[in-house]
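# Reading the structure
In case you want the letters, here they are:
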Amino acid sequence: MNIIETDKQYIANTYKRFPVCLVNGHGSEVYDENGKRYIDMGSGIGVTAFGIADEKWQQAVTDQLGKIQHSSNLYYTEPDAMLAKLLCEKSGMDKVFYANSGAEANENGIKAVRKYAAEHKGSDYYTIITLENSFHGRTLTTLAATGQEVFHKQFTPLTPGFVSVPANDIEAMKNAVKAHKTAGIMIECIQGEGGVKALDYDYVKAIEKLCEEEDLVLLCDEVQSGNGRSGYMYSYMHYGIHPDVVTTAKGLGGGLPIGACLLGGKAGNIFSYGDLGSTFGGNPVVCAGALSILERIDEGLLKEVKEKSDYLFEVFGKAKGIKKVSGMGLMIGLETKKPAGEIVNALIAKGVLCLTAKDKVRLLPALNIPMDVLKEAAELIIAECE
Ligand SMILES: *Cc1c(COP(=O)(O)O)cnc(C)c1O
């Protein structure tokens with residue numbers, strides 16, 4: 001069977017795939033159906049936090065598979081409770097609601113913002129201010145939150161109650177808050193799909209202050225930037241802020257689907273029985289795997305992420321074909337002289353898998369990528385950019 005032809009015939013035509021069929025791998029090295037080796041600098045878009053087929057994660061998942069693979073949310077399970085405890089300890093939040101993806105985590109986070117405002121200000125206070133170039137997901141509500149019109153067209157009408165303003169312009173944010181009956185503000189501290197851009201430090205601080213003054217719920221979307229990716233446990237920690245709602249997904253499950261909506265501050269106890277629900281949310285196999293990932297994202301690992309990041313910023317910063325390096329930790333954007341798409345395609349032939357974000361080359365390697373493998377990839381990337 002020709003896999004690529006069969007896929008093209010039977011799978012909805014929504015993805016522009018590279019002509020590579022991945023079969024297996026280990027850590028940051030993956031192999032295609034012809035046995036060709038690639039260094040994985042994309043981690044399945046920041047998902048396989050400890051690389052492919054990580055042993056400890058596999059053990060956790062298979063152990064749980066042999067016990068109970070699903071229970072429904074009518075009963076308690078150990079992995080759910082243990083993971084929620086660890087998520088709260090590591091984030092400083094109070095409660096967790098489990099979903100199955102980033103978009104779903106955001107849907108539930110948006111419900112938290114709306115419910116707080118409805119209780120404290122009235123149900124006409126439902127507008128959430130988001131940022132231009134943001135990305136919050138593909139459901140009709142998270143698309144409305146996403147400040148990029150290219151994703152909206154032909155899917156309107158989207159959920160009402162979202163307004164986006166330019167990033168790093170606090171006056172624009174204040175004006176938008178005043179102009180609407182505003183419930184809250186939703187940001188990615190490091191915009192991912194929008195071009196791997198960390199928000200300005202003072203801007204994020206000013207947003208937190210504005211939320212305090214105006215009694216707004218602050219939602220940080222850490223779907224991509226969370227769980228150690230930025231060199232901090234969550235990227236808002238770089239800014240020293242305390243959001244009320246934090247959503248996360250991608251890297252949390254180590255490769256299995258999970259989303260989490262973390263609630264604290266104003267929103268810590270916002271939900272009661274019946275407000276939210278999910279059949280698959282908190283699946284014990286997925287949670288057992290996530291627990292084995294989150295346990296290992298400690299100070300030592302974050303230090304390594306920062307060191308690898310410093311190395312990449314240094315070598316890419318000196319490279320002739322690279323105009324600018326952006327991002328934080330192991331979430332890196334390269335503004336290249338040649339078109340990013342061309343570079344990513346050429347690197348596939350050289351055996352390196354990279355991503356793009358807008359007009360940039362985007363790198364999201366596994367958090368534990370060995371230094372020698374990272375160097376090998378960096379050198380190939382630099383050579384290709386010239
Ligand atoms: C990927 C992403 C999402 C959407 O996550 P899905 O799991 O694809 O629904 C939401 N927000 C951010 C910041 C993302 O990077």
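Residues numbered from 1 in each chain as written. Predicted model: local features only at pLDDT ≥ 70, side-chain atom pairs only at ≥ 80, totals over all residues. Heavy atoms only, no water.

## Side note on the site of the ligand
If you check the shell around the ligand, you find Ser-101, Gly-102, Ala-103, Asn-106, Phe-135, His-136, Gly-137, Glu-188, Asp-221, Val-223, Gln-224 and Lys-250 and nothing else. Contacts to the ligand include Gly-102, whose backbone N or O atom sits 2.8 Å from an oxygen atom. One nitrogen or oxygen atom from the side chain of Gln-224 is found 2.7 Å from an oxygen atom belonging to the ligand. When the ligand is considered free in solution it has 380 Å² of accessible area, and contact with the protein chains removes 82% of it. It is helix H5 (residues 102-120) that contributes the most residues to the shell around the ligand, 3 residues altogether. (Near = heavy atom within 4 Å. Polar contact = N/O pair within 3.5 Å; in protein donor to acceptor, adjacent residues only side chain to side chain. Areas by Shrake-Rupley, 256 points an atom, 1.4 Å probe, with all protein chains shown as cover. Helix = DSSP H or I, 4+ residues; strand = E, 2+ residues; numbered from the N terminus.)

## Here we look at the pairing of strand S1 (residues 22-26)
Across 4 bridges, the pairing between S1 and strand S2 (residues 29-32) is antiparallel. The partner of Gly-25 across the bridge, within S2, is Val-30. Between S1 and the antiparallel strand that follows it, S2, lie 2 residues; Gly-27 among them carries a positive phi value of about 60°. (Pairing = 2+ DSSP bridges.)

## Focus on the environment of Asp-169
The topology assignment puts Asp-169 in the loop between strand S6 (162-165) and helix H7 (170-179). Taking relative accessible area as the criterion, Asp-169 reaches 31% and is therefore assigned partly exposed. With 93 residues separating them in the primary sequence, Asp-169 and Tyr-76 have C-alpha atoms 45 Å apart. One polar contact links the side chain of Asp-169 to the main-chain amide nitrogen of Glu-171, over a distance of 3.3 Å. (Buried < 20%, exposed > 50% of the residue type's maximum accessible area, 1.4 Å probe, protein only.)

## A short note on the sheet that holds strand S14 (residues 331-336)
Taken in spatial order, the 4 strands line up as S13-S14-S17-S16 in an open sheet, and their pairing is antiparallel. Edge positions in the sheet fall to strand S13 (322-328) and strand S16 (355-357), since each of these pairs with one other strand and no more. Between one strand axis and the next, the sheet turns by 30° as a mean value, whatever way the strands run. Bridge count for S14 against strand S17 (residues 360-363) is 3 bridges, and the pairing is antiparallel. By the bridge assignment for S17, Ile-332 is matched with Leu-363. (Axes fitted to C-alpha atoms, helices over the stretch in contact; angles between N-to-C directions.)

## A word on H7
Residues of H7 that are buried include every one of Ala-172, Met-173, Ala-176 and Val-177, and no others. The buried residues of H7 occupy an angular sector of 135° when the element is viewed end-on, so they sit on one face. When the buried face of H7 is taken as reference, the exposed residues oriented beyond 90 degrees from it are Lys-178 and Ala-179. The N-cap of H7, judged by a side-chain oxygen 3.3 Å from the amide nitrogen of Glu-171 a few residues on, is Asp-169. (Arc of directions from axis to C-beta.)

## Thoughts on the packing of aromatic side chains
For any pair of aromatic rings, the description rests on two quantities: the centre-to-centre distance and the angle between the ring planes. The tally for this structure, following the rule as stated, stands at 3 aromatic pairs. Seen from their ring centres, Tyr-201 and Tyr-239 are 5.9 Å apart, and the 25° between their planes marks the pair as stacked. In this pair, Tyr-201 is assigned in helix H8 (residues 201-214) and Tyr-239 in helix H9 (residues 236-239), connecting sequence segments 38 residues apart. On the basis of relative accessible area, Tyr-201 is assigned to the partly exposed category, the value being 39%. Using a relative accessible area of 0% as the deciding quantity, one classes Tyr-239 as buried. Positioned over the ring face of Phe-50 is Arg-296, at 4.4 Å from the centre of the ring. Positioned above the aromatic ring of Tyr-232 is the side chain of Lys-306, whose terminal nitrogen or guanidinium carbon lies 4.1 Å from the ring centre. (Phe/Tyr/Trp six-rings, centres within 6.5 Å; stacked < 30°, edge-to-face > 60°. Lys NZ or Arg CZ within 6 Å of the ring centre and 35° of its normal.)

## A word on the pattern of salt bridges
Evaluation of the coordinates by the stated rule reveals 16 salt bridges. The partner of Asp-124 in a salt bridge is Lys-181, with the nearest N and O atoms 2.8 Å apart. With a gap of 57 residues between them, Asp-124 in the loop between H5 and strand S5 (127-131) and Lys-181 in the loop between H7 and strand S7 (182-187) connect regions that are remote in the sequence. Of the residues examined, Lys-181 reaches a relative accessible area of 42% and is grouped as partly exposed. We note a salt bridge from Glu-307 to Lys-303, for which the minimum N-O separation is 3.3 Å. Of this pair, Glu-307 and Lys-303 both sit in helix H11 (residues 299-318), 4 residues apart, which is roughly one turn of the helix. One network of salt bridges, with partners in common, ties together Glu-29, Arg-37 and Glu-376. (Salt bridge = Lys/Arg side-chain N within 4 Å of Asp/Glu carboxyl O.)

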